[in-house]
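Topology and contacts: notes
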Amino acid sequence: MWYNKPMDTTKYRKNDSERTEKSFTIIIWLLFLLGCAAFISLIFNRNLWVDEAFTACIIRGDWPEVWQKTAADTLPPFYNLFTKLLTVILGYCAPVMKLSSVLPMIFTMLLGATLVRKWFGSRSSILFILFIVVMPHFLYYGVEIRMYSWGIFFLTAAGIFSYPLFAHSRGMTLSSLQIASLKPYWILFALSTAFCGYTHHFALVSAAFLWLFLLISLSGSIIASNRHDRSPENSEPGIKGILLPYLLSLALFVLLYFPCLLLTIRQIKHASSYFSMTPLSLRTLLSDFRFPFVTEHTVLSAALLLMTALTVIHAVFHLLTNRVQKAPGKTGGPSVKKSASEETGNSSFSENETVPNMGDIPDNKLIKDETQIPCLFGLVSMLVLPGTILFGYAVSAVAGSSLFTARYLVPSLGLLWLGVSILSGPMLGKKLGTGLFLLWLLLSLPVGIRAYRDQYSSEYSDGVEKMIAFFDANIKPGDGYIIYENNYQIELCFRYYYPELQKYDWESADEIPGTVWYFYLDGFKKELDLAPDFGYNAFCVGDMNFDRYAFVLYRMDKDN
């Protein structure tokens, strides 16, 4: 009878899976658009601090001048040249230069919406895109007119492109990765790591750890292949077949980076005080390890650190408890049923991938759990940041002076949070994994709100507009200004804001044909008190401020 026939639920499960994937697609691309909007909303201002003003002054000139100043600097050339090109196309102004920094953050999120989702699942993709927007330092360095955001993009891209190479070296098949060949990824890996070198020297150091970890993985594959039966039906590619693609890709990297290496050697020879950073100590070491988790709120910082530790512990526990699975039965046995997370694309298997029939594997054969591979890769990605810290301290110890500071870790932040998003993705069929995913979503909300609020208030401080409005209305040809400060930061900024306004001191004040303006900073009252000695009376105009700087503006009237 019809009512005795078992109901076939396969069709319903498939429909549920398709609906779930459509929902994930909407969420991922909505997050991507919101992330783009968040970054772009921060660029429409003229608030620059000294490092940004320094970069802006470099790219103000024509192409030969830009190249000459870039070569005389101590940083690689990519950012200056790209930003110069963008200002040629869109015009020279602060929002365009800030857009130059925002673009790589958008590209990084795009990788999250595509390749991260393809290889690590939708939930990992959601977390990764969210992290790139809300986690500490991304909104700050993602808008700053400096090279750090491009370092984030190139290094994170290198890590993502290395995943198929890493996974294949651990035994995952190309069909599991949904790719036809590894060759494009060897090329992309070499290209992206080379561009790390063109962006920042410590981005290159971090990229070197990716090369090292990949070599270790390939070496493990060679050792494993030597232990296997080398019979014709179980042949292995051998050392040459495993290492040759690596060596060819490394050769391509060296070829691509070599011109920048020549420039770097020249820059280092001319560098002097640039490498005089804060002295390194155990205290600074601990501070650098905390750097990725530091917000303006201590409780949120501690929560981020704790959640990251829980995620890593969960991943290590997964690796230790799910190393292998025992194949059931002999040929003809039942096939393995996908978990719910695998059916919705949230594992290393895609929804269209054929899962091996365990009954075709000999009895008592141990097979690998393929969630191990993305889990291990996530941990490796997170190791790049501490490796960069230790390298910086080791080189500083050998050199006898500090060559490292916390901001050099910014390029590796993308890999850190990529690792966290991966570790919160592949094992989500388990309750603990799902709990971690939900906790990360919950924690990201206050962290993101706080980060965006602080960055928005910093970017759109009204002080810069008031200052510019005053000087635009009152500065005339021939005017000059006098300032005394410890680090010459305001002076360097004014080379960007008003390049025609020349700096003088009291001894040369008589050379100013127009109005003499005096910028008074705390701690330099005795210099202001010298005005009568040089025949000037000080008239206070008012307080001025922009970005992180403040001063009191005086107009100096000649004593008749």
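Within each chain, residue numbers correspond to sequence positions counted from 1 in written order. Only residues with pLDDT of 70 or above have their local features reported here, since the model is predicted, and side-chain atom pairs are shown and tallied only from 80 upward, although totals for entire chains, interfaces and linings are computed over all residues. Here the side-chain values reflect all heavy atoms present in the structure, with hydrogen atoms and water set aside.

**Notes on helix 3 (residues 63-72)**
Operational definition: Think of it in three bands: residues with accessible area under 20% of the maximum for their type are buried, residues over 50% are exposed, and the middle band is partly exposed, with areas taken using a 1.4 Å probe on protein chains only. Every helix listed is a DSSP run of H or I at least four residues long, and every strand listed is a run of E at least two residues long, numbered separately from the N terminus. The arc under discussion is defined with respect to the helix axis, by the directions toward the C-beta atoms.
Inspection of helix 3 places V66, T70 and A71 among the buried residues, and these make up the whole buried set. One side of helix 3 holds all its buried residues, which, seen down the axis, span an arc of 125°. Away from its buried face, by an angle of more than 90 degrees, helix 3 presents the exposed residues P64, Q68 and A72.

**What to know about helix 2 (residues 50-58)**
For clarity, the cut-off: Two residues qualify as a contact provided that any one of their heavy atoms is within 4.5 Å of a heavy atom in the partner residue.
The element helix 2 is largely enclosed, with a buried count of seven among its nine residues. Along helix 2, the residues that are buried comprise V50, E52, A53, T55, A56, C57 and I58. Taken together, the buried residues of helix 2 touch helix 3, helix 4 (78-90), helix 5 (94-120), helix 20 (489-497) and strand 7 (549-558).

**A look at the sheet that holds strand 4 (residues 502-504)**
Here is the rule we go by: Any two strands between which DSSP finds at least two bridges are classified as paired. Axes here mean lines fitted to C-alpha atoms, for a helix over just the part in contact, with angles spanning 0 to 180 degrees between N-to-C directions.
Ordered in space as 4-3-5-7-6, the five strands form an open sheet in which the pairing is mixed. Every interior strand has two partners, whereas the edge strands, strand 4 and strand 6 (536-546), have only one. For this sheet the average axis-to-axis angle between neighbouring strands, irrespective of direction, equals 35°. Of the strand pairs in this sheet, strand 3 (residues 480-483) and strand 5 (residues 516-520) are connected by four bridges, and their pairing is parallel. Across the sheet, the residue bridging to I483 is F519, located in strand 5. The strands touched by helix 19 (residues 463-474) within the sheet are strand 5, strand 6 and strand 7, with strand 6 carrying the most contacts at an inclination of about 140°. Helix 20 contacts strand 3, strand 4, strand 5, strand 6 and strand 7 of the sheet and is inclined by roughly 75° relative to strand 7.

**Section: the environment of A53**
Structurally, the position occupied by A53 is in helix 2. Taking the C-alpha atoms as reference points, A53 and Y497, separated by 444 residues in sequence, lie 8.2 Å from one another. Among residues more than four places away in sequence, those in contact with A53 are L48, L492, C493 and Y496.

**Regarding a nonpolar patch on the surface**
We count it as follows: Excluding any residue in a salt bridge, patches collect residues exceeding 30% relative accessible area, merging like charges within 9 Å and nonpolar Val, Leu, Ile, Met, Phe, Trp and Tyr side chains within 5 Å. Accessibility throughout is a Shrake-Rupley quantity obtained with a 1.4 Å probe, and a residue counts as covered only by protein chains that appear here. One side-chain nitrogen of Lys or Arg within 4 Å of one carboxyl oxygen of Asp or Glu is enough to make a salt bridge.
On the surface, W63, L85, V88, I89 and L90 cluster together into a nonpolar patch covering about 500 Å² of accessible area. Examined against the element boundaries, L85 turns out to sit in helix 4. Classification of L85 as partly exposed rests on a relative accessible area of 42%.

**Description of the confidence of the model for the chain**
Selection criterion: The predictor attaches a confidence to each residue, and that confidence, scored 0 to 100, is pLDDT.
Of all residues in the chain, 84% attain a pLDDT of 70 or more, and the chain-wide mean is 87. Of the regions scoring below 50 in pLDDT, residues 229-236 engages in seven contacts with residues more than four places distant in sequence or in other chains. The low-confidence segment residues 326-367, where pLDDT is below 50, has 82 contacts with residues more than four positions distant or belonging to other chains.

**Re the environment of P184**
For P184, the location among the structural elements is in helix 10 (residues 183-199). Counting along the chain gives 23 residues from P184 to F161, while the straight-line C-alpha distance between them is 9.1 Å.

**Overview of the packing of helix 14 (residues 298-321) against helix 17 (residues 410-423)**
As a reminder, the rule being used: Should an angle lie under 35 degrees it is considered roughly parallel, over 145 roughly antiparallel, and from 65 to 115 roughly perpendicular; all remaining angles are considered oblique. For any pair of crossing helices, the crossing counts as left-handed if the nearer helix is rotated counterclockwise from the farther one by less than a right angle, and right-handed if it is rotated clockwise. Note on residue categories: nonpolar means Ala, Val, Leu, Ile, Met, Phe, Trp, Tyr, Cys or Pro, charged means Asp, Glu, Lys or Arg, and polar means any other residue, Gly included.
As a packed pair, helix 14 and helix 17 sit with axes 10 Å apart at the nearest point and diverge in direction by 55°. In terms of axis orientation, helix 14 runs oblique to helix 17. Both helix 14 and helix 17 take part in a crossing whose hand is left-handed. In contact with T308, T311, V312, H314 and A315 of helix 14, helix 17 contributes W417, V420 and L423. Looking at the contact of helix 14 with helix 17 residue by residue, the class counts come to five nonpolar, three polar and no charged.

**Some thoughts on the environment of F195**
The topology assignment puts F195 in helix 10. Its relative accessible area of 30% is what places F195 among the partly exposed residues. It is 9.5 Å that separates the C-alpha atoms of F195 and A158, two residues lying 37 residues apart in sequence. In this view, F195 contacts F78 and F154; residues no more than four positions away in its chain are not counted.

**Comments concerning the nonpolar core**
Where we set the bar: The term nonpolar core refers to a set of buried residues drawn from Ala, Val, Leu, Ile, Met, Phe, Trp, Tyr and Cys, joined through side-chain atoms within 4.5 Å.
Ranked by internal contacts, the top residues of the largest apolar core, which has 152 residues, are W440, F494, Y497, F519, F546 and F551. Tallying contributions element by element places helix 8 (residues 148-169) first for this core, with 14 residues. With sequence-adjacent residues up to four places away left out, F494 is seen in contact with M467, F471, Y481, P499, L501, F519, F546 and F551. Counting 14 residues, the second-largest nonpolar core is a separate cluster that includes Y504, V516, Y520 and Y536.

**A look at the pairing of strand 5**
Regular strands place side chains that alternate from one sheet face to the opposite one. Counting buried positions over the five residues of strand 5 gives five, a clear majority of the element. Neither face of strand 5 is left uncovered, since the one carrying V516, Y518 and Y520 and the one carrying W517 and F519 both have all their residues buried. Relative to strand 7, strand 5 runs antiparallel, the two sharing five bridges. Bridged to W517 within strand 7 is R555.

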